[in-house]
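Commentary on secondary and tertiary structure
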Amino acid sequence: MRVPKKSDENLIGELFSEYRQMMLKIALGILHNKTDAEDAVQDAFLCIINNLEKISQIPCYERAGYFATIIEHRSIDIYRKRNRHAMEDIEEQYDLSSDECVEETALLSVTVNEIKKAMNELSDRDYEILYLHLFKEMSSGEISVATGIPENSIRVYIQRARKRFAKILHKRGINYDI
């Protein structure tokens, strides 16, 4: 990272005060988490600072669109990283109390592991959309905002992903009704 000059510092301050709120709103719309959204804004501004020479040449009226694109990409990156580890949450969702029998615990453990393996066989898009729909219980509208995919397409993707998921589970000997 290069060290900014005094004139660069002024430009950075102006850009931050002018575009921070807009960028935060976009990030919140994607991430639905203030801390993650603030992290995305910070990452985006680091990118902006590293490319300050290029940005200073962009006309002022085009900067908002450019910054919106940067924050959108950073937010989606954070969203994807956060959800890569989300499958671990499935195990927590099915945490059994100690008074249940050992056989049920073992059976559920096998089923959760099979579901995790089956989910990992899906494409990235199917995995993401199905995870948001089934485990995070998000509507197709919320998934559309989070992924940037039109809502009508999300509905079709959910239907197709569920069919592919059911086929994978069926191959593993687990019946899953769509």
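Since the model is a prediction, treat every value here as computed from it, not as a measurement. (Residues numbered from 1 in each chain as written. Predicted model: local features only at pLDDT ≥ 70, side-chain atom pairs only at ≥ 80, totals over all residues. Heavy atoms only, no water.)

1. Structural notes on helix 7 (residues 124-135)
Compared with an ideal rise of 1.5 Å per residue, which puts 12 residues at 16 Å, helix 7 spans 16 Å between its outermost C-alpha atoms and is within 8% of the ideal. Along helix 7, the residues classified as buried are Asp126, Tyr127, Glu128, Ile129, Leu130, Tyr131, Leu132 and Phe135. Where helix 7 ends, the next residue or the one after it, Glu137, has phi of about 55 degrees, a positive value. (Helix = DSSP H or I, 4+ residues; strand = E, 2+ residues; numbered from the N terminus. Expected span 1.5 Å × (residues − 1). Buried < 20%, exposed > 50% of the residue type's maximum accessible area, 1.4 Å probe, protein only.)

2. So, unusual backbone geometry
Here His32, not a glycine, exhibits a phi torsion of approximately 55 degrees, which is positive. Tracing the backbone shows His32 in the loop between helix 1 (6-31) and helix 2 (34-50).

3. Quick word on helix 2
The terminal C-alpha atoms of helix 2 lie 24 Å apart, and with 17 residues this matches the ideal 24 Å at 1.5 Å per residue to within 8%. Among the residues of helix 2, those classed as buried are Asp36, Ala37, Ala40, Val41, Ala44, Phe45, Cys47, Ile48 and Ile49. One side-chain oxygen of the residue at the start of helix 2 lies 2.9 Å from the amide nitrogen of Thr35, identifying that residue as Asn33. (Polar contact = N/O pair within 3.5 Å; in protein donor to acceptor, adjacent residues only side chain to side chain.)

4. Observations concerning the side chain of Arg63
Position of Arg63 among the secondary structure elements: in helix 4 (residues 60-84). Despite its burial, Arg63 remains without a salt bridge, the nearest opposite charge being carried by Glu14 at 6.1 Å. Not counting the four nearest positions on each side in its chain, Arg63 is found in contact with Leu11, Leu15, Tyr19, Ile55, Ser56 and Ile58. (Lys, Arg positive; Asp, Glu negative; His and termini not counted. Salt bridge = Lys/Arg side-chain N within 4 Å of Asp/Glu carboxyl O. Contact = heavy atoms within 4.5 Å.)

5. Digging into the packing of aromatic side chains
Under the defined criterion, the tally for this structure stands at four aromatic pairs. On the numbers, 4.7 Å between centres and 80 degrees between planes, the contact of Tyr19 with Phe67 is edge-to-face. In this pair, Tyr19 sits in helix 1 while Phe67 sits in helix 4, placing the two residues 48 residues apart along the sequence. Grouping residues by exposure puts Tyr19 and Phe67 together as buried. The residue whose ring lies beneath Arg125 is Tyr157, and the NZ or CZ to ring-centre distance is 3.8 Å. (Phe/Tyr/Trp six-rings, centres within 6.5 Å; stacked < 30°, edge-to-face > 60°. Lys NZ or Arg CZ within 6 Å of the ring centre and 35° of its normal.)

6. What to know about the pattern of salt bridges
All chains considered together, the criterion is met by two salt bridges. With a shortest N-O distance of 2.6 Å, Asp126 and Arg164 are connected by a salt bridge. One end of the pair, Asp126, is in helix 7; the other, Arg164, is in helix 9 (residues 151-171), and 38 residues separate them in sequence. Overall, the relative accessible area of 3% leaves Asp126 in the buried class. For Arg164, a relative accessible area of 35% corresponds to the partly exposed category. For Glu151, the salt bridge is made with Arg155, and the minimal N-O distance between the two is 3.0 Å. Of this pair, Glu151 and Arg155 both sit in helix 9, separated by four residues, roughly a single helical turn.

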